[in-house]
Amino acid sequence: QILRRWGTHVLPSGDRCRSLKMFPNLFILNSTGEVLIEKHWEGKVPRKVVDAFMEQQVKQDRKVDVVPIIETPKLFLVHTRRSDIVLLTTINKETPPLFVIEIHNKIMQIMYHYFGPAVSSRTIRDHFTLIYHLLDEMVDGGFPFTTDINQLQAMIQPPTIVNKVMATFANSDSVKKALPEGMLTKIPWRRTGVKYHSNEICFDLLEEINCIIERNSNTSVCEVKGSVVCTCRLSGMPDITLTVTHPSLIQDAVLHRCVRINRFRRERVVSFVPPDGRFTLLTYFLRGPCQMPIFVRPNITYTNGTGNVNISLGSKMREQKPVEDVKIIIPFPKEMLSSNLTTNVGSVTTVETATGAHREVHWNVPRLPREKTPVLEGSVLFPTGFKPTYRPTLIVQFNAKMWNTSGLAVDGLNVTDVKYKPFRGVRMATRAGKFHVRC
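Residues numbered from 1 in each chain as written. Predicted model: local features only at pLDDT ≥ 70, side-chain atom pairs only at ≥ 80, totals over all residues. Heavy atoms only, no water.

### Here we look at the overall build of the protein chain
To keep things clear, this is the line we draw: A run of DSSP states H or I qualifies as a helix once it reaches four residues; a run of E qualifies as a strand once it reaches two. Both are numbered from the N-terminal end. Whether a residue is buried, partly exposed or exposed follows from its accessible area with a 1.4 Å probe, protein chains only, as a fraction of its type maximum: under 20%, in between, or over 50%, in that order. We call two residues in contact when some of their heavy atoms are within 4.5 Å. Under the convention used here, a 1.4 Å probe and the Shrake-Rupley method define accessible areas, while residue burial counts only the protein chains that appear.
Of regular secondary structure, the protein chain possesses eight helices and 25 strands. Expressed as a percentage of its 439 residues, the buried residues of the protein chain come to 45%. Intrachain contacts of the protein chain at a sequence separation of at least 6 include 69% that bridge at least 24 residues. Accessible surface, the protein chain: about 23,300 Å² in total, of which carbon and sulfur atoms supply 51%.

### Section: the sheet that holds strand β24 (residues 410–416)
In a beta sheet, neighbouring strands pair by backbone hydrogen bonds and run either parallel or antiparallel. Defined as follows: Pairing between strands requires that DSSP locate at least two bridges from one strand to the other. To get an axis, a line is fitted to the C-alpha atoms, and for a helix only the part in contact is used. The angle between two axes follows their N-to-C directions and goes from 0 to 180 degrees.
Spatially, three strands are ordered β14-β12-β24 in an open sheet, and the strand pairing comes out antiparallel. Each having just a single partner strand, β14 (270–272) and β24 make up the two edges of the open sheet. Averaged over all adjacent pairs, the angle separating strand axes in this sheet is 10 degrees, with direction ignored. For strand β12 (residues 239–244) and β24, the ladder comprises six bridges, and the chain directions are antiparallel. Looking at the pairing, Val244 lines up with Val410 of β24.

### Some words on the packing of aromatic side chains
Applicable threshold: Pairing of aromatic rings covers Phe, Tyr and the six-membered ring of Trp, with a centre-to-centre limit of 6.5 Å; geometry is then stacked below 30 degrees between planes, edge-to-face above 60, and tilted otherwise.
Scanning the entire structure with this criterion turns up six aromatic pairs. On the numbers, 5.5 Å between centres and 50 degrees between planes, the contact of Phe23 with Trp41 is tilted. Residue Phe23 is located in the loop between α1 (15–20) and β3 (25–29), and its partner Trp41 is located in the loop between β4 (35–40) and α2 (48–58); the two are separated by 18 residues in the primary sequence. Taking relative accessible area as the criterion, Trp41 reaches 17% and is therefore assigned buried.

### Concerning unusual backbone geometry
Outside of glycine, negative phi angles account for most residues, and trans bonds account for most peptide bonds. Notably, Ser83 is not glycine yet its phi reads approximately 60 degrees, a positive angle. Along the chain, Ser83 turns up in the loop between β6 (76–82) and β7 (85–91). We note that Ser217 has phi near 75 degrees; this positive angle belongs to a residue other than glycine.

### Digging into the sheet that holds strand β5 (residues 69–71)
The strand order across the open sheet formed by five strands is β4-β3-β7-β6-β5, and the pairing between neighbours is antiparallel. Taken across any chain shown, the strands that pair with only one partner, and hence form the sheet edges, are β4 and β5. For this sheet, the mean inter-axis angle between neighbouring strands, taken without regard to orientation, is 20 degrees. Where β3 and β7 come together, three bridges link them in antiparallel fashion. Looking at β7, one finds that Phe27 is bridged to Leu88. Sitting on the sheet, α2 is in contact with β3, β4, β5, β6 and β7, with an inclination near 65 degrees to β6. Sitting on the sheet, helix α3 (residues 97–115) touches β3, β5, β6 and β7, and the angle it makes with β6 is about 30 degrees.

### Regarding the side chain of Asn404
Applied cut-off: The definition of a polar contact used here is a pair of N or O atoms within 3.5 Å, where within protein one atom must be able to donate a hydrogen and the other to accept one, and adjacent residues in sequence count solely through side-chain atom pairs.
Of note, Asn404 is situated in the loop between β23 (393–401) and β24. In this structure the side chain of Asn404 is engaged in a polar contact, spanning 3.5 Å, whose partner is the backbone nitrogen of Gly407. Here Leu408 takes part through its backbone oxygen, which lies 2.6 Å from a polar atom of the side chain of Asn404. In this structure, Asn404 is in contact with Leu205, Glu207, Met428 and Thr430, ignoring residues within four places of it in sequence.

### A look at the nonpolar core
Keep this limit in mind: Here, nonpolar core means buried Ala, Val, Leu, Ile, Met, Phe, Trp, Tyr and Cys residues that are tied together by side-chain atoms lying within 4.5 Å of each other.
Val296, Ile330, Phe332, Leu394, Phe398 and Phe435 are the most contacted members of the largest nonpolar core, which totals 37 residues. The set of elements that each furnish at least two residues to this core consists of β10 (200–213), β16 (294–303), β17 (306–315), β18 (323–333), β21 (358–367), β22 (375–381), β23 and β25 (423–438). Top element by residues in this core is β18. It accounts for five residues. Apart from residues lying up to four places away in sequence, Phe332 is in contact with Ile300, Tyr302, Val309, His358, Arg359, Val361, Val380, Phe382 and Tyr390.

### Notes on the pattern of salt bridges
For clarity, the cut-off: A carboxyl oxygen of Asp or Glu within 4 Å of a side-chain nitrogen of Lys or Arg is what we treat as a salt bridge.
By the definition in use, this model includes 16 salt bridges. Asp252 serves as the salt-bridge partner of Arg287, at 3.1 Å between the closest nitrogen and oxygen. Here the residue Arg287 occupies a position in strand β15 (residues 277–287), and Asp252 occupies one in strand β13 (residues 252–255), the gap between them amounting to 35 residues. Judged by its relative accessible area of 58%, Arg287 falls in the exposed class. Residue Glu324 pairs with Arg367 through a salt bridge whose shortest N-O separation is 2.8 Å. Of this pair, Glu324 sits in strand β18 while Arg367 sits in strand β21, and the two are 43 residues apart along the sequence. Among the charged side chains, a network of salt bridges with common partners joins Asp204, Arg278 and Arg427.

### Examining the environment of Gly385
Turning to its location among the elements, Gly385 is positioned in the loop between β22 and β23. For the pair formed by Gly385 and Thr303, sequence separation is 82 residues and the distance between their alpha carbons is 9.4 Å.

### Focus: the confidence of the model for the protein chain
We count it as follows: Known as pLDDT, the predictor's per-residue confidence is scaled from 0 to 100.
Looking at the protein chain, pLDDT values average 85 and 89% of them are 70 or higher. Across residues 1–20, confidence stays below pLDDT 50; counting only partners more than four residues off in sequence or on other chains, it has 36 contacts.

### A short note on helix α5 (residues 128–138)
Stated formally: Directions drawn from the helix axis to the C-beta atoms are what define this arc.
Every buried residue of α5 is listed here: Leu130, Ile131, Leu134, Leu135 and Met138. Each buried residue of α5 lies within a common arc of 140 degrees when the element is viewed along its axis, so the set occupies one face.

### Some remarks on the pairing of strand β11 (residues 219–233)
Here 14 bridges tie β10 to β11, and the two strands are oriented antiparallel to one another. Paired with Glu200 across the two strands is Arg233, which belongs to β11. Between β10 and β11, which pair antiparallel and follow one another directly, the connecting turn spans five residues, one of which, Ser217, has a positive phi of 75 degrees. With 10 bridges connecting them, β11 and β15 associate as antiparallel partners. Bridged to Cys230 within β15 is Phe279.

This is the structure:
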């Protein structure tokens, strides 16, 4: 029986696979609901399912508030949004929705590698044929088949200027006729014959905090999502062993397919032959109380059609680490007439949401100072006799460089099977995900 590998998942082929109907179709839409690409692997679903999805989107104040899985009388609509691009797939009750969302994310990652970080509807129109070729290789009969970026680039050339000139004057295709070398090896994720004049490998330890902080400054919900992103520019076929401090933290982890799973389970050591370029080595999740890089103390009260605002924030880190790009979003009811707010650090603006459901005050602080505490104070005006029925929940954004909340750090890095000594670098950063503070 043929086995098809996708990451760490092994999927059987044959009649058993065909009965599962894992990934039947894909609609790529723009922000207005126009179908840019439509592809079906099993059966054909009419385009009226797009109308059902757009009806659900219109009901929400913000597009990002649309639930990722929408139930209809006959099907489930699973979608993933990236900027103004929406990937939509219809499934039945027997198909795992998270499997479909993971394929959506993989498709977007491949498009980012091919076309850059600014993938838009114009990009998809300009590279319509190339994206169709990529989808044919990535999904075969409703199952993920070739999803590694190095393998795809070996079979389908990226749209560089040289390739465009060759296609125009030499009438050549971006898809190679023969199977590239290395496709049938035990390490298909790494290209053969890689050479660099300057050999280097760098690791980025990135963490994202999702939490809810109550009025009394207690944390009611907290989750940390971390990832180790590797940028590899090494010649030959290096073998790398990475050890970290507090390896017990990496319990709920998602590993790249290059990691030797058995050794990781036994020793909590990350041993692998890396792909060429930038990739996510592993992702981990931590739940429970964690150290916060900043504090936010809000105080908002309403009296006689006026809202009194006093918010202070500052750094909680003992080390002199920078906290940058701090932004506090305060949502007020749409009945708010005006605001008179001042701050001793940063700037304050008032904006209205696209749907007009409420008005928001944005407090931007480029960098938290050490010598003083940033404070936002003043008042907002409402119609006479109007009293809001709820207190706003602040949305906090920040970026703390060279610091992480879990304390995870690289303890050792060993590169073998090569005759050179590469440059090694490690960076850390923590940013706010869904960071909410209740008033």
